[in-house]
Amino acid sequence: MELFGSSGIRGVANETVTPGFCLRVGMAVGTVVGGERVAVGRDTRATGDMFANAVVSGLQSVGCDVDCLGVLPTPAVQLYAERETVPAVMITASHNPAEYNGTKLVGADGIELPVEELERVETALDEDEFARARWDGTGDERRVESGREAYVEEVVGAVDRDRVGGADLTVALDPGHGAGALTSPEIFRELGCSVVTVNAQPDSQFPGRGPEPVPENLADLGRLVRAADADVGIAHDGDADRAIFFDERGEYIEGDATLAVLAASVLGSDETTVSAVTASQRLADVTERAGADLERTPVGSTRIISRVRDLESEGRSVPIAGEGNGGVLFPEYRLARDGAYTAARFLELLVDRPASEVVADVGGYHNVRTTVGYGSDAEREALLAAIARHAEASAGELDTTDGYRLDFGDAWVLARESGTEPVVRIYAEARETDRAHELADELETAFDAALADA
Ligand code: MG
């Protein structure tokens, strides 16, 4: 899967991802996934309308009628696909900067297309195999305005509204000028919260912050939490399938901590949770305490979703899955990441205790993340060889699901090649900050030596 990678097609708009390419994606999806009707939605990016028009045109040319949903969060497009049993194309670059755009493909069950289906779409693109319709068999398009309201109602109806509303919570919300700006303020008000916002106008220029909900983009949200004396801060990425939180003191909460406390609230014995090789020890501890299993996949939501599907088909119960980047799935609700629903479930945990206390349950770990860049294939090869040598000589237990992960019982370190940039990423986690740094430093030293020889 060269094109679709771990999270759909993405690139700089009008350079890597062009209208011509999107036209062909529309033709390929219409040909392979097919059906009489296909839905198209987009996030708030400046190029979203242009690419949506191209996808619509491609779909029409192979005979599909198109429901144009306009700007919506990805989970709202997925809900529409599921309810109408139509496939969908979402135009988004998720958390990437404003100049990026891309596509996510959704099946008629409302779930991201599985790997095998994506491969069929790729083959159609590679081989120009499009089922062009005769002129009088081309598709029609219509605007559908109901997607926003349907999504708000769905999320609000899926949460214990009386319980959340009774707690009289104040929510500070930062949708980051993305698609969540159209839905999340109303969702949390409907849940009975007082809502104060920052960056809450949909804006293709993302003037207040970049679409990625990382601490360096969220200083304003921390200040808003303190200024408004809010109980929690909530931030989304550009297409609002992720949620990141701040506690009542305006302190950033690690996404790993949120995932772990949510998992602790739903996991029962003999159940399974699925996360990536980057999963925190916090999640491993919570899983063990619950008597449940933790399965680790390669990085990326597509991999996690396909593992959940496999486990469910074996009859296993998987009540929660996801990664520490704020992308959480509750498969019994829907096998899709959903920022507003994840946030609503987190609010349920805040009814009795402040957020800082809730996440203190999974505290006590320190994480180090760093990257080592390479400038040529020879340097890349040298780095990969150095990881392999380091792993062989190490006393840690080796897992090669995605890169090299060494587990020392009390700590772990992972080195993996990035799928999108010429870098190797190093992740380390330990109870002591020094120990985490030591594990990452050892690898960095080995990499420096390898690059000096390359
Ligand atoms: Mg996203």
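Just above, that's the structure.
In every chain, residue numbers begin from 1 and rise along the written sequence. Confidence filtering applies because this is a predicted model: local features only for residues at pLDDT of at least 70, side-chain atom pairs given and counted only at 80 or more, and all residues used for totals across whole chains, interfaces and linings. The side-chain numbers reported here are obtained from all heavy atoms of the structure, hydrogens and water having been left aside.

(A) Region of the structure containing unusual backbone geometry. Phi at Asp128 takes a positive value of approximately 55°, unusual for a residue other than glycine. Here a strand is any run of E in DSSP of at least two residues, a helix any run of H or I of at least four, and the numbering for each starts at the N terminus. Mapped onto the elements of the fold, Asp128 is located in the loop between α4 (115-127) and β6 (141-143). The partly exposed category is assigned to Asp128, whose relative accessible area is 48%. Phi is positive for Ala240, which is not a glycine, with a value near 55°. For Ala240, the location among the structural elements is in the loop between β9 (232-236) and β10 (243-246). When accessible area is computed with a 1.4 Å probe and restricted to protein chains, residues below 20% of their type maximum are described as buried, those above 50% as exposed, and intermediate ones as partly exposed.

(B) Highlighting the sheet that holds β9. Here, any two strands with at least 2 DSSP bridges between them count as paired. An order of β8-β7-β9-β10-β11 is seen for the five strands of this open sheet, with the pairing classed as mixed. For this open sheet the edge positions go to β8 (194-197) and β11 (252-253), each flanked by a neighbour on one side alone. Note that strand β7 (residues 170-174) and β9 share four bridges and pair parallel. Note that in β9 the partner of Ala172 across the bridge is Gly233.

(C) Structural context of empty space enclosed by the protein. Cavities and pockets were defined on a 1 Å grid built from protein atoms only: a cavity is a group of points that admits a 1.4 Å probe but offers it no way out, a pocket is an open group of points flanked by protein on both sides within 12 Å along at least five of seven lines, and a lining residue is one with an atom within 4 Å of any such point. Grid points are joined across faces, edges and corners, and a volume is the space filled by probe spheres set on the points. For the structure on display, the rule yields two cavities of 30 Å³ or more. Of the pockets and cavities examined, the largest cavity occupies roughly 80 Å³. Contributing to the lining of the largest cavity are twelve residues, with Lys104, Glu112, Asp241, Ser301 and Arg337 lying nearest its centre. Of all the secondary-structure elements, those providing two or more residues to the lining of the largest cavity are α3 (74-84), α11 (301-313) and β16 (334-337). Sorting elements by how many residues they give to the lining of the largest cavity places β16 first, with three residues. Residues were grouped as follows: Ala, Val, Leu, Ile, Met, Phe, Trp, Tyr, Cys and Pro as nonpolar; Asp, Glu, Lys and Arg as charged; and all remaining residues, including Gly, as polar. A class-by-class count of the residues in the lining of the largest cavity yields three nonpolar, four polar and five charged. Segment limits for the domains were obtained from an automatic or database-derived domain assignment. Three or more residues apiece are contributed to the lining of the largest cavity by two domains, here domain 1 (9-144) and domain 3 (255-360).

(D) Summary view of helix α8 (residues 219-227). Looking at α8, one finds that the buried residues are Leu221, Gly222, Leu224 and Val225. Seen along its axis, α8 keeps its buried residues to an arc of 160°; they face one direction. Its buried side turned inward, α8 meets β7, β8, β9 and β10. Just past α8, the residue Asp229 takes up positive phi, approximately 55°. It is the directions from the helix axis to the C-beta atoms whose arc is reported. Note on definitions: a residue-residue contact is assigned when non-hydrogen atoms from the two residues lie within 4.5 Å.

(E) Just the coordination of the magnesium ion, in detail. Water is absent from the atoms considered, so a metal site may look incomplete; donors are defined as N, O and S atoms within 2.8 Å of the metal, or 3.2 Å for Na, K and Ca. Donor atoms from the polypeptide that coordinate the magnesium ion comprise Ser94 (OG), Asp237 (OD), Asp239 (OD) and Asp241 (OD), at 2.0 to 2.1 Å from the metal. In primary-sequence terms, the residues that donate to the magnesium ion follow S-x142-D-x1-D-x1-D. The class of Asp237 is buried, set by a relative accessible area of 1%.

(F) Examining the pattern of salt bridges more closely. Salt bridges are counted wherever a side-chain nitrogen of Lys or Arg sits within 4 Å of a carboxyl oxygen of Asp or Glu. Counting across every chain of the model gives 38 salt bridges. One salt bridge in this structure joins Glu84 and Arg37, with 3.3 Å as the shortest N-O distance. Here the residue Glu84 occupies a position in helix α3, and Arg37 occupies one in strand β2 (residues 37-42), the gap between them amounting to 47 residues. A salt bridge links Asp410 to Arg435; the shortest N-O distance between them is 3.5 Å. Placement of Asp410 in the loop between β19 (404-407) and β20 (411-417) and of Arg435 in helix α15 (residues 433-453) is noted, with a sequence separation of 25 residues between them. Put simply, Asp293, Glu295, Arg307, Glu314 and Arg316 are held in one network by salt bridges that share partners.

(G) Region of the structure containing a negative patch on the surface. Two joining distances apply to patches: 9 Å for like charges and 5 Å for nonpolar side chains (Val, Leu, Ile, Met, Phe, Trp, Tyr), and every residue must have over 30% relative accessible area and no salt bridge. The Shrake-Rupley method, run with a 1.4 Å probe, gives the accessible areas here. Residue values count only the displayed protein chains as cover. Charged residues are defined here as Lys and Arg on the positive side and Asp and Glu on the negative side; His and the ends of the chain fall outside this count. In plain terms, the charge of a residue is placed at NZ if it is Lys, CZ if Arg, CG if Asp and CD if Glu. On the surface, Glu36, Asp65, Asp140 and Glu141 cluster together into a patch of negative charge. Within the secondary structure, Glu141 is located in strand β6.

(H) Spatial organisation of the sheet that holds β6. In spatial order, the strands read β1-β5-β4-β2-β3-β6; together these six strands make up an open sheet with mixed pairing. Each edge of the sheet is formed by a strand with only one pairing partner; in this case those strands are β1 (9-12) and β6. Each adjacent strand pair in this sheet contributes to an overall mean axis angle of 20°, direction not counted. Across four bridges, the pairing between β2 and strand β4 (residues 88-91) is parallel. Bridging from a neighbouring strand, Gly41 pairs with Met90 of β4. Docked against the sheet, helix α2 (residues 48-61) engages β2, β3 (65-71), β4, β5 (100-106) and β6, running at close to 170° with respect to β2. To obtain an axis, a line is fitted to C-alpha atoms, over the contacting stretch when the element is a helix, and the angle between two such axes runs from 0 to 180 degrees between their N-to-C directions.

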